[in-house]
Amino acid sequence: MTQELLLRQAVLEWAQRSAAGELSDLDWVETDLKPRRAPFEMVPDGDGPPRFRHMPYSRFLPEAMTEAMVDAQARGEVSAMEAVMMLTARPEWLILARPLLWSPLSPEPRLLAWLVERWGIEASMHRADPKRLSRIAARLPRWRPQRGNLASAIEMLWEGAGEAVTLSVAARDRDGPVPRRPDVRDELFTCRSDAWWALRRQPGAAPQYRVSGGALRHQPLEGPVFELVQEDVLIGLADGARLSRHLIRLLPAWASVRLVTTER
């Protein structure tokens, strides 16, 4: 039989297994009552998962009492001290892991759900999945300062939630224009104020209203167009693609989504 190789620190291993829901029972608690055992260690358990030892309370008892409990345990008898160790195991390990509680290594993914939602990630994106929550939480400090950037939203969707953006998208990000894959001349007309359109009108541009592909379009087929400005995100829908709600939700509240379809 091959013994499991334990490479992580005990607290990191415990946190990972706790987040994965592997410690719902108490089989993981090491209840060896011998007082000289080191606290907060992983204990190999044959071919099964390791056990985790917290503080050996027996070292704080009178020596005669400790010896009596160790002898009883060796005979297969269960002492009150074992019950106490079972009751206190999870609180003890949670206290040890408290620096990890709000990190991607958190043993309590429900805390991360609260955290990422306060940062602007909705529940339908993380789905209360421990792995998703961990990936998203790890990327929050990088994504948050760049929330107005289309590239950072796409990166968070793919690396955090594991959702690939199959739409064609373009925007004018802070680091300059993104190559425009969707053609702005195929844009769908939406009702906005004259002032909104005036900010986007190139000199000489005039709307040319037409129905194409079952939708009203307004961009001129030739000449100057109504261009993208800093807050605009142009999303191209083609071949039955659906608009990504999560992509829109990752953009700032002031972002303006503009749609393009290539159906003629």
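You'll find the structure just up there.
This section reports on the structure supplied with the text. (Residues numbered from 1 in each chain as written. Predicted model: local features only at pLDDT ≥ 70, side-chain atom pairs only at ≥ 80, totals over all residues. Heavy atoms only, no water.)

A word on the side chain of S152
With respect to the element layout, S152 can be found in helix α7 (residues 150-160). Taking the relative accessible area as the measure of exposure, S152 reaches 7% and is therefore buried. Side-chain polar atoms of S152 contact the backbone oxygen of Q146, separated by 2.6 Å. Discounting residues that sit within four places of it in the chain, S152 has contacts with W143, Q146 and R147. (Helix = DSSP H or I, 4+ residues; strand = E, 2+ residues; numbered from the N terminus. Buried < 20%, exposed > 50% of the residue type's maximum accessible area, 1.4 Å probe, protein only. Polar contact = N/O pair within 3.5 Å; in protein donor to acceptor, adjacent residues only side chain to side chain. Contact = heavy atoms within 4.5 Å.)

Some points on the packing of aromatic side chains
Tallied over the entire structure, the rule returns ten aromatic pairs. Ring plane angle 20° and centroid distance 5.9 Å describe the contact between W14 and W93, whose orientation is recorded as stacked. Residue W14 is located in helix α1 (residues 10-19), and its partner W93 is located in helix α3 (residues 80-96); the two are separated by 79 residues in the primary sequence. A relative accessible area of 0% places W14 in the buried class. Geometrically, the ring pair formed by F189 and Y209 is edge-to-face, given 5.5 Å between the ring centres and 90° between the ring planes. Residue F189 is found in the loop between β4 (176-177) and α8 (194-198), and its partner Y209 is found in the loop between α8 and β5 (210-212); the two are separated by 20 residues along the sequence. Relative accessible area serves as the criterion here: at 26%, F189 is assigned to the partly exposed category. (Phe/Tyr/Trp six-rings, centres within 6.5 Å; stacked < 30°, edge-to-face > 60°.)

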